[in-house]
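Here is how the chains run, residue by residue.
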Amino acid sequence: MTEALVLIDPAASTVEVSDLGAPQLPVTDLSAHRGDGIFETVLVRLGGSDVTVVNRDRHFARFCSSASALGLPDPGPDLWDRALEAVIAEVRAADPSLTEFGVRYALSRGTQNPDGSQSPRGWAFNVPVDDTITRARAHGISAVSLDRGYDAYLGSKAPWLLIGAKTLSYAVNQAAGRYAAEQGTDEALFVSHDGIVLEGPTSNLIIRRGDRLLTPAPEAGLLSGTTQRLVFDHAAELGLTAEYADFGLSEVIDADGAWYVSSMRTAVTLNQLDGNPIKRDEDLTAKLQALIMAG
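Source: prediction; values computed, not measured.

Scoring rules and cut-offs
Residue numbers restart at each chain and count upward from 1, following the sequence in its written direction. Per-residue local features of the predicted model are confined to residues with pLDDT of at least 70, and side-chain atom pairs are confined, for both listing and counting, to 80 or more; whole-chain, interface and lining totals are unaffected and use all residues. Excluded from the side-chain calculation are hydrogens and water; included are all heavy atoms of the structure. In this analysis an axis means a line fitted to C-alpha atoms, helices contributing only their contacting stretch, and an angle means the value between N-to-C directions, from 0 to 180 degrees. Think of it this way: any DSSP run of H or I at least four residues long counts as a helix, any run of E at least two long counts as a strand, and we number them from the N terminus. When describing relative orientation, an angle under 35 degrees is termed roughly parallel and one over 145 degrees roughly antiparallel, while 65 to 115 degrees is termed roughly perpendicular and anything else oblique. Less than a right angle of anticlockwise turn of the near helix away from the far helix marks a crossing as left-handed, whereas a clockwise turn marks it as right-handed. Whether two residues are in contact is decided by their heavy atoms: any pair within 4.5 Å suffices. By the convention adopted, Pro, Cys, Tyr, Trp, Phe, Met, Ile, Leu, Val and Ala count as nonpolar, Lys, Arg, Asp and Glu as charged, and the other residues, Gly among them, as polar. For the domains described, the bounds stem from an automatic or database domain assignment. Take the accessible area each of two parts loses on contact, using a 1.4 Å probe, and add the two losses: that sum is the buried area. Whenever Lys or Arg places a side-chain nitrogen within 4 Å of a carboxyl oxygen from Asp or Glu, that contact is recorded as a salt bridge. Whenever a nitrogen or oxygen atom comes within 3.5 Å of another N or O atom, the pair is scored as a polar contact, on the condition that within protein one atom can donate a hydrogen and the other can accept it, and that pairs from neighbouring residues in sequence are kept only if both atoms are in side chains. Any two strands between which DSSP finds at least two bridges are classified as paired. Nonpolar core, defined: a set of buried Ala, Val, Leu, Ile, Met, Phe, Trp, Tyr and Cys residues in which side-chain atoms within 4.5 Å join the residues together. With a 1.4 Å probe rolled over the protein chains alone, any residue whose accessible area is under 20% of its type maximum counts as buried; one over 50% counts as exposed, and the rest are partly exposed. Handedness of a crossover is defined as follows: with both strands directed away from the viewer, a clockwise route from the first strand across the helix to the second makes it right-handed. Each patch groups residues whose relative accessible area exceeds 30% and which form no salt bridge, using 9 Å between like charges and 5 Å between nonpolar side chains of Val, Leu, Ile, Met, Phe, Trp and Tyr. Note on areas: Shrake-Rupley, 1.4 Å probe, and residue coverage restricted to the protein chains presented here. For the purpose of counting charges, residues Lys and Arg are taken to be positive, whereas Asp and Glu are taken to be negative. His and the chain ends are not included. One atom stands in for each charge, and that atom is NZ of Lys, CZ of Arg, CG of Asp or CD of Glu.

A.B. asks: Please explain the packing of helix 2 (residues 56-70) against helix 6 (residues 226-233) as it appears in this structure.
C.D. replies: When two helices pack together, their arrangement is captured by the angle between the axes and the distance separating the axes. Viewed as axis vectors pointing N to C, helix 2 and helix 6 meet at an angle of 135°, and their least axial separation amounts to 9 Å. In this view, helix 2 runs oblique relative to helix 6, as classed from their interaxial angle. Every pair of crossing elements has a handedness; the one defined by helix 2 and helix 6 is right-handed. On helix 6, the residues touching Arg58, His59 and Arg62 of helix 2 are Thr226, Arg229, Leu230 and Asp233. Per-class residue counts for the contact of helix 2 with helix 6 are one nonpolar, two polar and four charged.

A.B. asks: It is not clear to me how the domain arrangement of the protein chain should be interpreted in this structure. Could you clarify?
C.D. replies: A common way to state how big an interface is: give the accessible area lost once the parts meet. Each domain of the protein chain was delimited in the assignment, giving domain 1 (5-128) and domain 2 (134-293). In this structure, domain 1 and domain 2 have C-alpha centres spaced 26 Å apart. Taken together, the contact pairs 27 residues of domain 1 with 21 residues of domain 2. Among the residues domain 1 hides against domain 2, the three largest losses belong to Phe39, Arg58 and Arg62. Together they make up 36% of the total. For the pair domain 1 and domain 2, the number of links is two salt bridges. Here Glu100 and Arg137 are joined by a salt bridge, their closest N and O atoms 2.8 Å apart. Counting every contact that joins domain 1 to domain 2 gives 10 residue pairs in polar contact (both at pLDDT 80 or more). Breaking the side of domain 1 that touches domain 2 down by element, the ones donating at least two residues are strand 3 (37-47), helix 2, strand 5 (100-112) and strand 6 (118-127). Element by element, the count of residues in the side of domain 1 that touches domain 2 is highest for strand 3, at eight residues.

A.B. asks: Help me understand unusual backbone geometry, please; the structure alone is not making it clear to me.
C.D. replies: Only a minority of non-glycine residues have a phi that is not negative, and only a minority of peptide bonds are not trans. The residue Asn55 is not glycine, and still its phi comes out positive at about 60°. The residue Asn55 is located in the loop between strand 4 (50-53) and helix 2 in this model.

A.B. asks: What is the right way to read the sheet that holds strand 1 (residues 5-9) from this model?
C.D. replies: Hydrogen bonds between backbone atoms are what pair the strands of a sheet, whose relative direction is either parallel or antiparallel. With respect to topology, six strands assemble into an open sheet ordered 2-1-6-5-3-4, the strand pairing being antiparallel. Sheet topology places strand 2 (14-18) and strand 4 at the edges, where each strand pairs with a single neighbour. Going from strand to strand, the sheet's axes swing by 25° on average, the running direction of each strand aside. As judged from the five bridges shared by strand 1 and strand 2, these two strands associate in the antiparallel manner. Looking at strand 2, one finds that Leu5 is bridged to Ser18. Against the sheet, helix 2 engages strand 3, strand 4 and strand 5, with an angle of about 175° to strand 3.

A.B. asks: Any chance you could explain the nonpolar core here in plain terms?
C.D. replies: It is characteristic of soluble globular proteins that their nonpolar side chains tend to be buried jointly. With 29 residues, the main nonpolar core has Val44, Trp80, Phe101 and Val103 as its most contacted residues. With near-sequence residues (within four places) excluded, Trp80 lies in contact with Ile8, Phe60, Phe63, Pro75, Tyr105, Ala106, Leu107, Gly122 and Trp123. Core analysis: the second largest hydrophobic core is formed by 26 residues, Leu5, Ala235, Trp259 and Met264 among them.

A.B. asks: Explanation requested: the pairing of strand 11 (residues 241-244) in the structure shown.
C.D. replies: Two faces make up the sheet, and in a regular strand the side chains alternate between them. Of the strand pairs in this sheet, strand 10 (residues 212-215) and strand 11 are connected by four bridges, and their pairing is parallel. For Leu214, the partnering residue across the bridge sits in strand 11 and is Glu243. Running through helix 6, the crossover from strand 10 to the neighbouring parallel element strand 11 is right-handed.

A.B. asks: What is the right way to look at helix 6 in this model?
C.D. replies: Side chains that are three or four residues apart share a direction in an α-helix, a result of its 3.6 residues per turn. The element helix 6 is extensively covered by neighbouring structure, given that six of its eight residues are classed as buried. Residues Thr226, Thr227, Gln228, Leu230, Val231 and Phe232 constitute the buried set of helix 6.

A.B. asks: I'm lost on a negative patch on the surface in this one. Help?
C.D. replies: Taken together, Asp147, Asp151, Asp194 and Asp246 make up a surface patch of like negative charges. Here Asp147 is to be found in strand 7 (residues 141-147). Taking relative accessible area as the criterion, Asp147 reaches 47% and is therefore assigned partly exposed.

A.B. asks: Can you walk me through the environment of Leu72 in this structure?
C.D. replies: Residue placement: Leu72 occurs in the loop between helix 2 and helix 3 (77-94). By relative accessible area, which is 9% here, Leu72 ends up buried. In this structure the C-alpha to C-alpha distance between Leu72 and Leu46, which are 26 residues apart in sequence, comes to 32 Å. When neighbours within four sequence positions are excluded, Leu72 is seen to be in contact with Gly37, Ile38, Ala67, Leu107, Ser108 and Arg109.

Quick look at the structure:
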């Protein structure tokens, strides 16, 4: 797949197409050795002359919220729109047959200047919809539950933990994914220390109980999901209600269906949790995927 990179200078309000394979980031950048920055990933779907950036506004709103939580400069929508459009244009020009891909955009605190100030920098680049994603969409996934290490609702008492911000500090998320693979499963499912189901390392969880869709409340200690909110906004069109609720592992296992939802994978069926099978709802899975892809 074609690689496209756009560099963003917030101070100068400029975007510049660059080479993803060339050196770009100094080792002194605070994102490189502290993970001090934020990011979002959007799914782009193409059909002829039509371009759909799925959930575009929700992603950027969360990007701004994350910037506020970290004390980063407020991202200007025009600047980041230009960067996003530049990546899309580069990819489409290189491969007109492509029907979908992702664009990841990020804002780093940048380097620390001698006077104590910082020089934030940003970038955006394309990521593929690979076989792992398409296989998960078609066949679903398995997961193992992992203790998150803190009680639910801790974030309200400790905002400095940045639980609700989408930061570049993803070492724990990546470690959870590797641990899940070592256990012979596809994914992890984080659970609070006091037993409340939270989220996957890169996904939100939605379960079905009768005609109700349920998902953990973001205040419980997880990232507010853009894809999850898209589903909830359209739940009535599926003949379902949507609620935020606290629930435990047994309620996931006993659900009438369970899905990991995220930007790139859209909605994938959770087939098994901790070795326990979960009911599959093929019809609703197809409807959820179509709903999300429509953006």
